[in-house]
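# Coordinate inspection notes
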Amino acid sequence: MPQTETTPLLPSGSQAVEADDPSVAAQKFGEEIAEDLVPFAPKKSILNTLVQKTSSSFYDAFNFQRSIWPSALGPAIVTTIWSALVVTSLPSSIYFITIIGVAYIRILDEQTLLTNGRRLWSQLQIQIVNFGRVVWFGVHAPGSKTLEPQETSAKRGALSLLVGLATAIKYHLRDQHGTGYRDLRPYLEFIPEFSPGRIIHSSLPIEIVLHLSAYINDVKARELLDATSYGTLNTLCSSFIETLTLICRTPIPKAYHVFIKQTLIIYICSIPFQMTPVLHWFTIPVVFFAGGTLLGMEALAREIENPFGTDLNDLPIDDYVEDIRKELVSIMKVKKIEVKNWGVPASLELEHSTIYERTVEIQIVH
């Protein structure tokens with residue numbers, strides 16, 4: 001039975017859109033795709049929304065949902081009980097010196113990883129938006145001709161793949177694979193290789209980049225893309241893979257976590273032997289807060305080790321993907337810029353302060 005080609009992301013009736021001016025057709029397709037590229041990211045919970053809207057320091061002091069204290073409370077209680085045993089039963093000496101010192105710099109290392117993750121994602125967002133801009137304005141029919149509806153549909157499909165690429169990277173970082181996710185499937189299902197039920201044998205983001213490379217090679221072969229734009233798009237495809245490689249870092253070995261936790265427990269359990277001769281019963285609350293602080297730092301380091309998950313303290317990747325979609329839609333809505341309509345600019349010989357003073361005077365007069 002012969003197969004028929006379909007373009008699910010093409011709005012109904014858009015194939016008949018033709019215009020003498022290429023910018024009119026481009027604007028029409030841009031307005032149609034704005035309604036097609038709808039956000040599919042899961043909605044945030046009401047509690048999460050309230051937490052984000054509340055910025056006062058007083059609320060943060062009692063915000064236990066994002067606090068690390070619940071994770072460190074159990075071990076802190078155990079070490080406190082141990083200090084109570086030292087105070088009441090075990091011998092102590094003021095000359096007993098703890099021989100274990102903890103140079104605790106892991107939290108700084110994990111904070112660096114968090115910062116690098118955000119920087120790399122910003123870099124990826126810039127690359128994706130630049131790719132979409134070059135495709136939308138660079139792929140055009142030679143001369144004064146207009147693109148065929150199928151060619152315009154393919155151009156829109158390339159921008160849909162860009163949104164799918166950002167979403168696929170999000171799930172790849174969370175070690176979730178496949179194309180069946182609610183906020184991913186609509187941007188890929190118009191391509192047979194990404195249809196539901198198909199098995200992806202390699203990395204899905206890499207597969208999407210390969211399809212984008214195939215698209216730019218196709219439009220270049222049909223002389224719909226100039227050599228400069230073609231080189232730019234090829235460079236951006238290579239940048240996608242490079243950024244993906246950098247952002248998917250190797251996780252810290254399990255032995256490292258175990259060693260740090262064991263060292264902390266031994267260190268905290270040795271505190272009562274030093275402090276009991278001086279503080280007596282006050283040693284118990286001191287050990288509680290000291291143990292909670294150190295073990296809380298350990299729990300915090302573990303939580304931000306992978307900032308691309310779904311925890312409250314992780315990076316808001318869903319929002320970042322939605323920002324990419326909105327930027328691509330705004331590109332498709334841009335009207336043709338007529339340089340001939342520009343007015344007379346201000347002289348560059350005038351100092352900036354002089355222009356500012358004149359602007360203020362005009363505002364006061366009006």
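Worth saying up front: this structure is predicted, and the values here are computed from it rather than measured. (Residues numbered from 1 in each chain as written. Predicted model: local features only at pLDDT ≥ 70, side-chain atom pairs only at ≥ 80, totals over all residues. Heavy atoms only, no water.)

## Some details on the packing of helix 6 (residues 149-173) against helix 8 (residues 227-247)
Close contact between helix 6 and helix 8 brings their axes to 11 Å; oriented N to C, the two are set at 20°. Classified by the angle their axes make, helix 6 and helix 8 are roughly parallel. Between helix 6 and helix 8 lies a crossing whose hand is right-handed. Contacts from L162, L165, I169, H172 and L173 in helix 6 reach F240, L244 and I247 in helix 8. Considered class by class, the residues forming the contact of helix 6 with helix 8 number seven nonpolar, one polar and no charged. (Axes fitted to C-alpha atoms, helices over the stretch in contact; angles between N-to-C directions. Helix = DSSP H or I, 4+ residues; strand = E, 2+ residues; numbered from the N terminus. Parallel < 35°, antiparallel > 145°, perpendicular 65-115°, else oblique. Left-handed = near helix turned anticlockwise from the far one by under 90°. Contact = heavy atoms within 4.5 Å. Nonpolar A, V, L, I, M, F, W, Y, C, P; charged D, E, K, R; others polar.)

## Description of helix 10 (residues 283-303)
Its 21 residues place the ends of helix 10 30 Å apart at the C-alpha level, agreeing with the 30 Å of an ideal helix rising 1.5 Å per residue. Taken together, the buried positions of helix 10 are occupied by T283, I284, V287, G291, G292, L294, L295, G296, E298, A299 and A301. (Expected span 1.5 Å × (residues − 1). Buried < 20%, exposed > 50% of the residue type's maximum accessible area, 1.4 Å probe, protein only.)

## Describing the packing of aromatic side chains
As enumerated under the stated definition, the model contains three aromatic pairs in all. A centroid spacing of 4.0 Å and a plane angle of 10° characterise the contact between Y171 and Y181, whose relative ring orientation is stacked. Within this pair, whereas Y171 is found in helix 6, its partner Y181 is found in the loop between helix 6 and helix 7 (204-221), the two being separated by 10 residues in sequence. For Y171, a relative accessible area of 10% translates into the label buried. Note on Y181: relative accessible area 22%, which makes it partly exposed. (Phe/Tyr/Trp six-rings, centres within 6.5 Å; stacked < 30°, edge-to-face > 60°.)

## Structural notes on helix 6
Along an α-helix, residues three or four positions apart point the same way, because every turn accommodates 3.6 residues. The terminal C-alpha atoms of helix 6, which comprises 25 residues, lie 36 Å apart, in line with the 36 Å expected from a rise of 1.5 Å per residue. Burial analysis of helix 6 places 22 of its 25 residues in the buried class, which makes it a mostly covered element.

## Quick look at the pattern of salt bridges
Within this structure, the stated rule accounts for five salt bridges. Across the pair D183 and K170 runs a salt bridge whose closest N-O atoms are separated by 2.6 Å. Of this pair, D183 sits in the loop between helix 6 and helix 7 while K170 sits in helix 6, and the two are 13 residues apart along the sequence. Given the relative accessible area of 5%, D183 is considered buried. When its relative accessible area of 1% is taken as the criterion, K170 is described as buried. Residue K170 is joined to D318 by a salt bridge in which the shortest nitrogen-to-oxygen separation is 2.7 Å. With K170 in helix 6 and D318 in helix 11 (residues 317-332), the pair connects residues that are 148 residues apart, well separated along the chain. Across the pair, D318 and K170 agree in class, each one buried. (Salt bridge = Lys/Arg side-chain N within 4 Å of Asp/Glu carboxyl O.)

## Points about a nonpolar patch on the surface
Side chains of F137, V334, I337, V339 and W342 sit close together on the surface and give an oily, nonpolar patch of about 550 Å² of accessible area. Assignment of secondary structure puts W342 in the loop between helix 11 and helix 12 (352-365). (Patch = residues over 30% accessible without salt bridge, like charges linked within 9 Å, V, L, I, M, F, W, Y side chains within 5 Å. Areas by Shrake-Rupley, 256 points an atom, 1.4 Å probe, with all protein chains shown as cover.)

## Observations concerning the environment of L204
Along the chain, L204 falls in helix 7. Considering only alpha carbons, one finds L204 and H172, 32 residues apart in sequence, at a separation of 7.9 Å.

## Overview of the nonpolar core
In this structure, W121, F131, I208, L212 and F240 are the most contacted members of the largest nonpolar core, which totals 53 residues. Secondary-structure elements contributing two or more residues to this core are helix 5 (106-138), helix 6, helix 7, helix 8 and helix 11. No other element matches the 11 residues that helix 6 contributes to this core. The contact partners of W121, leaving out residues within four places of it in the chain, are A166, I169, K170, L173, I247, I317, Y320 and V321. (Core = buried A, V, L, I, M, F, W, Y, C linked by side-chain atoms within 4.5 Å.)

## Observations concerning the packing of helix 6 against helix 11
Interaxial distance between helix 6 and helix 11 falls to 9 Å at its minimum, and their mutual angle equals 170°. It follows that helix 6 is roughly antiparallel to helix 11 by the angle criterion. Only I317, D318, V321, I324, R325, L328 and M332 of helix 11 make contact with helix 6, whose side of the interface consists of R156, L159, L162, V163, A166, T167 and K170.

## What to know about unusual backbone geometry
Positive phi outside glycine occurs at D175, with the angle close to 60°. Among the structural elements, D175 can be located in the loop between helix 6 and helix 7. Using a relative accessible area of 60% as the deciding quantity, one classes D175 as exposed. Positive phi, close to 60°, is recorded for E223, a residue that is not glycine. By the element assignment, E223 lies in the loop between helix 7 and helix 8. Judged by its relative accessible area of 62%, E223 falls in the exposed class.

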